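Overview (structure and organization)
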Amino acid sequence: MEVSQAVEKLMALQSKMSAYRHALSILYTDGVTVAPKETTANRSHTMGILNEEMYKLSTGEETISLLEFLDGHKEELTKKQARMVYLMLKSNRELQKIPMDIYLEYQKLLVEGDALWHDAKEKSDFSLFAPVLGRIFELTKQMAAFVAPEKDPYDYWLDKYERGLTKASCDRFFGVLKERLVPFIAKIAEKPQVDDSCLHGDFPAWQQEKLAYKLMDFIGIDRGHCALSTTEHPFTTSYGSHLDVRITTNYRPHKVDPSMFSVIHEGGHAMYEMGSAEDLAYTVLDGGTSMSIHESQSRFYENILGRSEVFTAKVLPMVRECFPGKFDDVTPEQFYKAINKVEPSFIRIDADEVTYSLHVMIRYEIEKKIFAGEVAIDDLPALWNSLMKEYLGLEVPDDKHGVLQDSHWANGNIGYFPSYALGSAYGAQFIGKMRADLDVDKAIEAGDFAAINAWNREHIWQYGSLYEPDELLAMLLPEGFDPNVYVDYLIEKYSKIYDL
Ligand SMILES: [Zn+2]
């Protein structure tokens, strides 16, 4: 076979796979948005068939020999083509090292785990979930040993989600957060609380939706390629390629800001997805490269820009317009402070900007201890509660508000949490780079996000998954990533708000 012919086949293969992904995403979104309650079995039937076809397509003999052939001719490929081959082969090669019985047991366990986790959370009883969780962690360790016996198993999983990430680098990162943020949060707790009463009240969903569209337009989301709908938990998904992206939000009837900032957050994810270079469409390089870089974009728009003084001042008139009479007496300063209220809380996804990363740190420390055999699964609630007390000063009332709140472990996403906190920290360092090139505040003041979005597109979005997160970071931050930049940003901003 000629290399050029093989490349043609490679492109056709990816195009076909993206069509399957397109159909599967629509079915998934339908299931969590408008599909009637009793249609799960019908949808599972279709999704099962499509998933099986996709699995066959990506692991079939013909595909593997095509990829191995191209891998053997790496030097004749473009950088993009070589990266496609590498990414497609990587998961196949890993899968081959895991014994089939272990792999199948793990897949079955995850389905069971998810159902048991839902039930345990509803009843707020960790003991119902503990046995299956213990087995998930055991198999997670075993799979790491099969794929990368030379590596520490937790390092293997950290690296799987975020190449280059290790316990040592996480320890350094969280060490800085622990040392500097825990005492800072305690200092804030001693100050009079800011008044956020303007954010509480009755906010009909249709008015919140109107505001959501205004916010999407304001930050420059192209609504011709990105739609908004509602789900219990907000998320972003792309349909087959970066040309069709969907975001969701959730309107709480008595608090206005959660939906506002979830729309901006998911909007950041959506713009990153949509910003891939045109020629990446229908390939495995289309869309964001990793969760931490994704979060660096979503949390950048949500917090660093969205919760800034200049942004909130600009948004207040839109809020007034959407909720007539409700915000007439609220000053921009009051609104800014209300939006930035710091209050330790039990639930990670509701956490404010300052306490958020500490929620992630708790999960990281627990995972690390489980892998090291330093804690028994049955003792996780006690460990969780003691860490919440130590870092956030809170007494956890029950498992539902504690160790059972996230679905990640039930779904096998172990080693995944650190990327959330890292993303926030990367964003804080990216803004320094952006400010060196353009006057960010002036652009927001002028309601002009084009230059901000163009900067992100040029430096991050256009590459899709062409670079690993550590390569992208090295390009953006040649001086190296420094978590102190993030902590400095938080301390400076919130010292002003809380008069410290
Ligand atoms: Zn996110």
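See the structure printed just above.
Residues numbered from 1 in each chain as written. Predicted model: local features only at pLDDT ≥ 70, side-chain atom pairs only at ≥ 80, totals over all residues. Heavy atoms only, no water.

Taken together, H265 (NE2), H269 (NE2) and E295 (OE) make up the full set of protein donors to the zinc ion, lying 2.1 Å away. What makes H265 buried here is its relative accessible area of 10%. Residue class for H269 comes out buried when judged on its relative accessible area of 6%. (Donors = N, O, S within 2.8 Å, 3.2 Å for Na, K, Ca; no water. Buried < 20%, exposed > 50% of the residue type's maximum accessible area, 1.4 Å probe, protein only.)

The next thing to look at is the packing of aromatic side chains. Summed over the entire model, instances satisfying the criterion amount to 29 aromatic pairs. Ring centres 6.4 Å apart and planes at 35° place the aromatic pair W157 and Y161 in the tilted group. Of this pair, W157 and Y161 both sit in helix α7 (residues 153-161), 4 residues apart, roughly one helical turn. For W157, a relative accessible area of 6% puts it in the buried group. Over the ring of Y420 we find R348; its NZ or CZ atom is 4.9 Å from the centre of that ring. Looking at R363, its charged tip hangs above the ring of F417, at a distance of 5.4 Å from the centre. (Phe/Tyr/Trp six-rings, centres within 6.5 Å; stacked < 30°, edge-to-face > 60°. Helix = DSSP H or I, 4+ residues; strand = E, 2+ residues; numbered from the N terminus. Lys NZ or Arg CZ within 6 Å of the ring centre and 35° of its normal.)

Once that is clear, we can look at a nonpolar patch on the surface. Taken together, Y55, M100 and L104 make up a surface patch of nonpolar side chains, about 310 Å² in accessible area. Inspection of the secondary structure puts L104 in helix α5 (residues 100-123). (Patch = residues over 30% accessible without salt bridge, like charges linked within 9 Å, V, L, I, M, F, W, Y side chains within 5 Å. Areas by Shrake-Rupley, 256 points an atom, 1.4 Å probe, with all protein chains shown as cover. Salt bridge = Lys/Arg side-chain N within 4 Å of Asp/Glu carboxyl O.)

A word on helix α20 (residues 483-497). Here α20 is 15 residues long and its end C-alpha atoms lie 22 Å apart, about the 21 Å a rise of 1.5 Å per residue gives. Those residues of α20 not exposed but buried are P483, Y486, V487, Y489, L490, K493, Y494, S495 and I497. The inward-facing, buried residues of α20 abut α8 (167-190), α11 (291-305), α13 (332-339), α14 (356-371) and α16 (418-437). Once α20 finishes, D499 follows within two positions and takes phi at roughly 55°, a positive value. (Expected span 1.5 Å × (residues − 1). Contact = heavy atoms within 4.5 Å.)

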